[in-house]
Amino acid sequence: MLRQQDVGHRIVVRRIVGIREGRPLFSDALGELVELSETHLTLATAKGNLRVPVAQVHRAKRVPPTRRPTAAAVVALERAADEAWPAPTRGQLGEWLLRSAEGWTGRANSALPIGDPDRPLPAAVDAVEQWYAEQGQPAIINTPLPLAAPVGAELDIRGWTTRPPTLVQTAPLPLSSVAAPKKGDTSGAEGRDDELAQNGADGGPALDGADGGPALDGADGGPALDGADGGPALDGADHGRNPADGDGRHRADGDVGGLGDAVVELATAPTEEWLAIAAGRKGGLPDAARHVLTAVDQVRFAHVYAHGTLVAIGRGTVTGQGRWLGLSLIEVLPAVRRQGLARRVIDALAEWGSSAGATHAFLQVEQRNTAAVALYRRLGFTTHHTYLTRVAPH
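Here the structure is a predicted model, which is why all the values come from computation and not from measurement.

Caption draft 1: Fine view of the pairing of strand E2 (residues 23-36). With 10 bridges joining them, strand E1 (residues 10-20) and E2 adopt antiparallel strand pairing. Along E2, the bridge assignment pairs Ile11 with Gly31. Between E1 and E2, which pair antiparallel and follow one another directly, the connecting turn spans two residues, one of which, Glu21, has a positive phi of 55 degrees. As paired elements, E2 and strand E3 (residues 40-45) share four bridges and run antiparallel to each other. What sits directly across from Leu33, in E3, is Leu43.

Encoded structure:
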């Protein structure tokens, strides 16, 4: 039978659809598992979503994807993701990457074992442990699968622990269209998008993926922060804030719970208010975090204000030789969730990414975060590959 770790993967389900002459009639369905509860499972098939009561499931199992990405494709996407979340302290072990950012997020404080470490595998793991010991940090390795399966086997022998799997998901741009909820209607899936987006991937994240504490996970140069306040000049012309770079504004059509006129403002640097919301989500914001957030050549920070108060944020980057839009830190304050703001932020960042030349978007989300996986599936995201975060024993 299926388990939560099968969410985000391709499965086949044989279900009971009737009885004839005392015998059950079966029908098979093939697609991606986007939700699994005690009572139902939801399968994204070629004909749309199929919701099946568990009581009707005769057999179900995971099956290989129709096309597995090549090793080169996994390496390219992992390097684009690294560019989008850049640790300030870095080292190399052959082609392996070593990253440290004062412990802020798992991705920015882990080794990425892709390529040749230029030494035997056991010696490479020894060198990773030593490098992190010199940083005063626990040794962590992110192992993309199946590419880094041999590394995982070596870590198993050494007793390294494993955090929940993270899905690296991708979608072509423009993203799939999801109708906005009607005024006052928060009962549908679209009305829940703000709520679901909070639990996406870097540490349970919003859309940044999977640090184990999803992390939306799960999933980090360029100019430093401008000005004393860490952000661009403000003129307060619209909802109290207006990033002065004129990078773009996206006004939604129609009124949604009183926030139909809220504007998504994109800036090349975050305001201090933006950083405060990010700090609340990530448990603080050390100096290294500002580097991770801003040290990307093409980056935009989404701000949404209501009555002069910042109520929603998001971050987008374009990396991987201009191909990939990376989505992270999509966050909506609890008081204004269920009004479609997360989707507006995503749309604005996707429009910017497309205008910058990106052809695809990616994010990282913990596999166990079934609500976020379902949201991303509605936006057109599918699983490209998976990675495991491995932590050295104390």
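More follows now that the structure is in view.
Caption draft 2: Representation of the layout of surface pockets in the model. Of the voids in this model, the largest pocket is the one considered here, and its volume is about 1100 Å³. Lining the largest pocket we find 37 residues, and of these Pro65, Arg67, Pro69, Thr383 and His384 sit closest to its centre. Counting residues per element, the ones that place at least two in the lining of the largest pocket are E2, E3, helix H1 (71-83) and strand E17 (382-391). With six residues, the top contributor of residues to the lining of the largest pocket is E17. Residues that form the lining of the largest pocket fall into these classes: 17 nonpolar, 13 polar and seven charged.

Caption draft 3: The packing of helix H2 (residues 121-135) against helix H3 (residues 149-158), seen in detail. Two elements in contact, H2 and H3, have axes whose closest approach is 10 Å; the angle formed by their N-to-C orientations is 70 degrees. One finds that H2 runs roughly perpendicular with respect to H3. With respect to the hand of their crossing, H2 and H3 are arranged in right-handed fashion. Contacts between H2 and H3 involve Leu121, Pro122, Val125, Asp126 and Glu129 from the first element and Pro150, Val151, Glu154, Leu155 and Arg158 from the second. Across the contact of H2 with H3, the residue classes tally to six nonpolar, no polar and four charged.

Caption draft 4: Fine view of the sheet that holds strand E4 (residues 48-53). An order of E4-E3-E2-E1-E5 is seen for the five strands of this open sheet, with the pairing classed as antiparallel. Each edge of the open sheet is held by one strand with a lone partner, namely E4 and strand E5 (57-62). When strand polarity is set aside, the average angle formed by the axes of neighbouring strands in this sheet is 35 degrees. As judged from the six bridges shared by E3 and E4, these two strands associate in the antiparallel manner. Its bridge partner being in E4, Leu41 is matched across the sheet by Val52. Across the face of the sheet, helix H8 (residues 370-378) comes into contact with E2 and E3 while running at roughly 90 degrees to E2.

Caption draft 5: Molecular detail of the packing of aromatic side chains. Under the criterion given, the structure shown has five aromatic pairs. Between Trp324 and Phe362 the ring centres are 6.2 Å apart and the planes differ by 80 degrees, which places this aromatic pair in the edge-to-face class. Here Trp324 is found in strand E15 (residues 324-332), whereas its partner Phe362 is found in strand E16 (residues 360-366), with 38 residues between them in sequence. Take Trp324: its relative accessible area is 6%, and that puts it in the buried class. With relative accessibility at 4%, the residue Phe362 sits in the buried group. On the numbers, 6.4 Å between centres and 70 degrees between planes, the contact of Tyr376 with Phe381 is edge-to-face. Here Tyr376 falls in the buried class, since its relative accessible area comes to 0%. Under the relative-accessibility criterion, Phe381 is labelled buried at 1%. Residue placement shows Arg107 over the ring face of Trp85; its charged tip is 4.5 Å from the ring centre.

How each quantity is defined
- Residues numbered from 1 in each chain as written.
- Predicted model: local features only at pLDDT ≥ 70, side-chain atom pairs only at ≥ 80, totals over all residues.
- Heavy atoms only, no water.
- Pairing = 2+ DSSP bridges.
- Helix = DSSP H or I, 4+ residues; strand = E, 2+ residues; numbered from the N terminus.
- 1 Å grid on protein atoms, 1.4 Å probe; cavity = no way out; pocket = protein on both sides within 12 Å on 5 of 7 lines; lining within 4 Å.
- Points joined across faces, edges and corners; volume = space filled by probe spheres on them.
- Nonpolar A, V, L, I, M, F, W, Y, C, P; charged D, E, K, R; others polar.
- Axes fitted to C-alpha atoms, helices over the stretch in contact; angles between N-to-C directions.
- Parallel < 35°, antiparallel > 145°, perpendicular 65-115°, else oblique.
- Left-handed = near helix turned anticlockwise from the far one by under 90°.
- Contact = heavy atoms within 4.5 Å.
- Phe/Tyr/Trp six-rings, centres within 6.5 Å; stacked < 30°, edge-to-face > 60°.
- Buried < 20%, exposed > 50% of the residue type's maximum accessible area, 1.4 Å probe, protein only.
- Lys NZ or Arg CZ within 6 Å of the ring centre and 35° of its normal.

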